[in-house]
Amino acid sequence: HEGKDIIDNQIDYLLSKLQNTPLIVNRLDYYGNSIPLGAFCFATSFIIFGFYECEVFDKPDPFSFAVILLFGGVGQITAGIFEYIKSRTYPTIVYLLYGLYFISLFLCFYYNTEIFSKKDCKKIFYGTWAGLSFPLVIGSLQTNVIYLLQNVSVCAFFIVRCIGECRDINQLNKKVSGILELVTGFLSLYLCFSQVLNEHFRRVILPAFPLKKDNEIDLNIQNR
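Residues numbered from 1 in each chain as written. Predicted model: local features only at pLDDT ≥ 70, side-chain atom pairs only at ≥ 80, totals over all residues. Heavy atoms only, no water.

### Regarding the overall build of the protein chain
Okay, so step 1: Looking only at helices and strands, the protein chain has eight helices and zero strands in total.
Okay, so step 2: In sequence order, the protein chain lays out its α and β elements as α-α-α-α-α-α-α-α.
Okay, so step 3: Here the protein chain holds 224 residues, and 42% of them are scored as buried.
Okay, so step 4: In the protein chain, 71% of the contacts between residues at least 6 apart in sequence involve partners at least 24 apart. (Helix = DSSP H or I, 4+ residues; strand = E, 2+ residues; numbered from the N terminus. Buried < 20%, exposed > 50% of the residue type's maximum accessible area, 1.4 Å probe, protein only. Contact = heavy atoms within 4.5 Å.)

Here you go:
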């Protein structure tokens, strides 16, 4: 009886403390991994635009614009919101930024705005995104090799596209930027399936080669 009384007193004490103290929980236990969703949406949009830039296909059709809006825009923003809920700052910023990028791209191309067709506007647009993507490259140094290469590739794409618009070099705006978009897309697609398969089988099926033991990109895999 004395042992039971001691345990009861300890439980009562802990309950009283919890009632008067902010309770911190591990949010990763309540949500799935949203990284594959963001990576897949990111990959799909870049691959589609890459094929058009490389002139494998003709001008984008309404289906392609729908994919860019729903996957590149809405899908990535959804992934970013879930990363925000899990208090993971870096993936939140990445997916929200690129989600808004594809929505703005959709609005500019689909509605064929006269403002975006001007050279100066394109220079500012791609130059701004080149500046935004560079700090994300630095942040990816703490993730894994695949994610780092993806961010280097997309940053190179924005730089090349900006130079192409400034110098009016059509080859940079088409073939070179298209190849960089395809490289970015397929790296992101690899990252997506790496996350899904490694988490599903609970062992490394597709290695992403972590650069840091505990990073925000592979955090869900390590905690399952």
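### Here's the deal with the side chain of Ser140
Okay, so step 1: Relative to the elements of secondary structure, Ser140 occurs in the loop between helix H5 (119-139) and helix H6 (145-167).
Okay, so step 2: At 2.6 Å, the side chain of Ser140 forms a polar contact with the backbone oxygen of Val137. (Polar contact = N/O pair within 3.5 Å; in protein donor to acceptor, adjacent residues only side chain to side chain.)

### Quick word on the pattern of salt bridges
Okay, so step 1: Counting across every chain of the model gives four salt bridges.
Okay, so step 2: The salt bridge partner of Glu53 is Arg161, with a shortest N-O separation of 3.1 Å. With Glu53 in helix H2 (residues 35-53) and Arg161 in helix H6, the pair connects residues that are 108 residues apart, well separated along the chain.
Okay, so step 3: Among the residues examined, Glu53 registers a relative accessible area of 7% and is labelled buried.
Okay, so step 4: Residue classification places Arg161 among the buried positions, given a relative accessible area of 7%.
Okay, so step 5: In this structure, Glu165 and Arg161 form a salt bridge, with 3.5 Å as the shortest nitrogen-oxygen distance. In this pair, Glu165 and Arg161 both sit in helix H6, four residues apart, roughly one turn of the helix. (Salt bridge = Lys/Arg side-chain N within 4 Å of Asp/Glu carboxyl O.)

### A few points about the confidence of the model for the protein chain
Okay, so step 1: Overall, the predicted model of the protein chain reaches an average pLDDT of 83, with 80% of residues at or above 70.
Okay, so step 2: Confidence scores differ between elements of the protein chain, with helix H1 (residues 2-19) showing the lowest mean pLDDT of 62 and H6 the highest of 93.
Okay, so step 3: pLDDT under 50 marks residues 21-25. Its contacts with residues more than four places away, or in other chains, come to two contacts. (pLDDT = per-residue confidence, 0-100.)

### Focus: the side chain of Thr44
Okay, so step 1: Mapped onto the elements of the fold, Thr44 is located in helix H2.
Okay, so step 2: A relative accessible area of 16% means that Thr44 is categorised as buried.
Okay, so step 3: Leaving out residues up to four positions away in the same chain, Thr44 has contacts with Val67 and Phe71.

### Here we look at the environment of Phe186
Okay, so step 1: By the secondary structure assignment, Phe186 is in helix H7 (residues 170-201).
Okay, so step 2: As a C-alpha pair, Phe186 and Thr44 span 142 residues in sequence and 8.6 Å in three-dimensional space.

### So, the packing of H2 against H6
Okay, so step 1: Running from N to C, H2 and H6 cross one another at 40 degrees; their axes reach a closest spacing of 14 Å. Comparing their axes, H6 and H2 come out oblique. The element H2 and its partner H6 pack so that their crossing is left-handed. Together, Phe42, Phe46 and Glu53 of H2 and Gln150, Val154, Phe157 and Arg161 of H6 make up the contact between the two elements.
Okay, so step 2: In terms of residue class, the contact of H2 with H6 is made up of four nonpolar, one polar and two charged. (Axes fitted to C-alpha atoms, helices over the stretch in contact; angles between N-to-C directions. Parallel < 35°, antiparallel > 145°, perpendicular 65-115°, else oblique. Left-handed = near helix turned anticlockwise from the far one by under 90°. Nonpolar A, V, L, I, M, F, W, Y, C, P; charged D, E, K, R; others polar.)

### Overview of H6
Okay, so step 1: Between its first and last C-alpha atoms H6 spans 32 Å; for 23 residues at 1.5 Å apiece the expected length is 33 Å, and the two agree.
Okay, so step 2: The opening residue of H6 is Asn144, an N-cap whose side-chain oxygen sits 3.3 Å from the backbone nitrogen of Ile146.
Okay, so step 3: Count one or two residues on from H6 and you reach Asp168, which has phi positive near 55 degrees. (Expected span 1.5 Å × (residues − 1).)

### Topic: the nonpolar core
Okay, so step 1: Core analysis: the biggest nonpolar cluster contains 34 residues, and Tyr98, Tyr101, Tyr126 and Phe158 have the highest contact counts within it.
Okay, so step 2: Put simply, the parts of the chain that give this core at least two residues each are H2, helix H3 (62-85), helix H4 (89-110), H5, H6 and H7.
Okay, so step 3: Broken down by element, this core gets its largest block of residues, eight residues, from H4.
Okay, so step 4: Once residues lying within four places of it in the same chain are set aside, the contact partners of Tyr101 are Phe46, Phe125, Tyr126, Trp129, Phe157 and Phe158. (Core = buried A, V, L, I, M, F, W, Y, C linked by side-chain atoms within 4.5 Å.)

### Digging into a nonpolar patch on the surface
Okay, so step 1: Together, Phe40, Leu70, Phe71, Val74 and Phe193 make up an exposed nonpolar region whose accessible area comes to about 420 Å².
Okay, so step 2: Looking at the nonpolar patch element by element, the count peaks at three residues for H3.
Okay, so step 3: Mapping Leu70 onto the fold places it in helix H3. (Patch = residues over 30% accessible without salt bridge, like charges linked within 9 Å, V, L, I, M, F, W, Y side chains within 5 Å. Areas by Shrake-Rupley, 256 points an atom, 1.4 Å probe, with all protein chains shown as cover.)

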